[in-house]
Structure formats: C-alpha cells, structure tokens
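Now for the letters of each chain:
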Amino acid sequence: MITIYGYVPAFGVPDISPYVTKVINYMTFTGLEFQHKSQDLATLDQDSPTGKLPYIIDSDGTKVPDSNTIIAYFKNKYGDKLDADLSKAEAANNLAWNRRTSQVVQDFFRADIDALSDYLGDKRYFTGDQLRSLDASVYSTVKHIALQPHPWPGTGYVQTKPNLMAYIERLHAEFGI
Ligand SMILES: N[C@@H](CCC(=O)N[C@@H](CS)C(=O)NCC(=O)O)C(=O)O
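Residues numbered from 1 in each chain as written. Predicted model: local features only at pLDDT ≥ 70, side-chain atom pairs only at ≥ 80, totals over all residues.

Thoughts on the packing of helix α6 (residues 133-147) against helix α8 (residues 162-175)
Their axes nearest at 10 Å, the elements α6 and α8 cross at an angle of 110°. One finds that α6 runs roughly perpendicular with respect to α8. Across the interface between the two elements, Tyr-139, Val-142, Lys-143 and Ala-146 from α6 touch Leu-164, Met-165, Tyr-167, Ile-168 and Leu-171 from α8. Within the contact of α6 with α8, the residues separate by chemical class into eight nonpolar, no polar and one charged. (Axes fitted to C-alpha atoms, helices over the stretch in contact; angles between N-to-C directions. Helix = DSSP H or I, 4+ residues; strand = E, 2+ residues; numbered from the N terminus. Parallel < 35°, antiparallel > 145°, perpendicular 65-115°, else oblique. Contact = placed C-beta atoms within 7 Å. Nonpolar A, V, L, I, M, F, W, Y, C, P; charged D, E, K, R; others polar.)

Topic: the site of the ligand
By nearness alone, every residue bordering the ligand is listed as Ser-17, Tyr-19, Gly-51, Lys-52, Leu-53, Pro-54, Asp-66, Ser-67 and Asn-68. The class makeup of the residues in the shell around the ligand is three nonpolar, four polar and two charged. (Near = placed C-beta within 6 Å.)

Concerning the pairing of strand β2 (residues 34-38)
The buried fraction of β2 amounts to zero of the five residues, a small share that puts the element mostly on the outside. Pairing of strand β1 (residues 2-6) with β2 involves five bridges; the strand directions are parallel. Among the inter-strand pairings, Tyr-5 is bridged to a residue of β2, identified as Lys-37. Between β1 and its parallel partner β2, the chain crosses via helix α1 (residues 18-30), and the hand of that crossover is right-handed. (Buried ≥ 20, exposed ≤ 12 C-beta atoms within 10 Å, placed from the backbone. Pairing = 2+ DSSP bridges. Right-handed = clockwise from strand over helix to strand, strands pointing away.)

Focus on α8
Given 3.6 residues per helical turn, the α-helix brings residues three or four places apart onto the same face. Spanning 14 residues, α8 covers 20 Å between terminal C-alpha atoms, matching the ideal 20 Å at 1.5 Å per step. Among all positions of α8, only Leu-164, Tyr-167, Ile-168 and Leu-171 are buried. One face of α8 carries all of its buried residues, which in axial projection span an arc of 100°. Away from its buried face by more than 90 degrees, α8 exposes Pro-162, Glu-169 and Ala-173. In the segment just after α8, Gly-176 is the residue with positive phi, at about 70°. (Expected span 1.5 Å × (residues − 1). Arc of directions from axis to C-beta.)

Some remarks on unusual backbone geometry
With an omega of 10°, the peptide bond between Leu-53 and Pro-54 qualifies as cis. Residue placement: Pro-54 occurs in the loop between α2 (44-47) and β3 (55-57). Positioned with a positive phi, Asp-66 is a non-glycine residue whose angle comes to about 80°. By secondary structure assignment, the location of Asp-66 is in the loop between β4 (63-65) and α3 (67-78).

If you want it as structure tokens, here you go:
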C-alpha cells in the first residue's frame, strides 16, 4: 500500500494542495491502492525530502517527494498505464502543458484558462479519447480553481468555460474524486 502525505480534503477536492490532488488523481486513474495521511506540519522539514507536500512512502519504504517525480516513479515501478503509447512529440507536448498549468499566476491566469479550454475543445479527455497522466494535473488544476471557496477573480472565470466545467463533471462521474 502506498501512503501519500498531504494536508486535508476540502471544498470537494481530495486535498487542499493541487499537487497532492494531482497525485491522488493519478493513483485513482491507474488503480494504485493508497492511503492519504495528513502530514504533521511541525515535522514537515524532517519528514519530506523537499520540505513540501506531497511525498509518498511506498510499501517497501521508498520515500519520493514532488508530484512529477512521484508520477515518474509510479510509471517506472508499476508500469506506464496512461502514457506508454504516446509518441515522443506527444509526450513533450504533455510535459509542456504540465509545466504551464503549474504556473497559474494572476497575470497569465485568463490566458492559461483560455488555452486550457480551447485545447480541450469538445474532447473527452484533455488530449483526446485516451485518459493520460496529464489529465491528473489538468483535472486537479481546473477543479481546485473552480471549487475553491475564497473569493478571487479566477474562480468565476473558469466557470464561464462550459467545456472545462463539463470535463470536471465527467471525470468526477467516472472516478468519484
Ligand atoms: N514541485 C512540488 C510543489 C509542491 C508544493 O509547492 N507544495 C506546497 C503545498 S501546495 C507545500 O508543501 N508548501 C509547504 C512549504 O513550502 O513549506 C510538487 O509538484 O509536488
């Protein structure tokens, strides 16, 4: 059993950290069994190799920090269930999207949401008919923004994108998270 250390679930997402949610999305999409524990923040610096969340401890005791490194570790250890058939160009494009969506800052926020919405179009998953590990990241990002309860301009903007809201509904219906 894999243990993922995060904060706590809140406002309809598995964890208040979108990075933790992203890894939980990936484990759920790929059927990896896991438990989610709340990190004692008093010992975060000793417990997490990067001093940040998430980190995971695998059943053999292997500890891995950082959401992208964790997903790479899972692919290597348990098989790449979502992305193995991507061409190098498609994989590079997916990596570029991952970098972009982790940099949502106010100045670029609307342009990024426009780009996510335009790129998704009417596709089932972010890149097409196949679920990819990139969806773990995109689903975490847009859902955290759309559902977070604190008033800021971004929340309403995501909700003006019917296809992003439908994507959130679709993945929620399919995976229950
Ligand atoms: N690159 C890391 C970023 C993780 C990250 O920034 N986590 C934040 C919470 S959302 C954190 O643990 N912050 C605590 C701190 O910086 O002390 C990842 O992808 O996992």
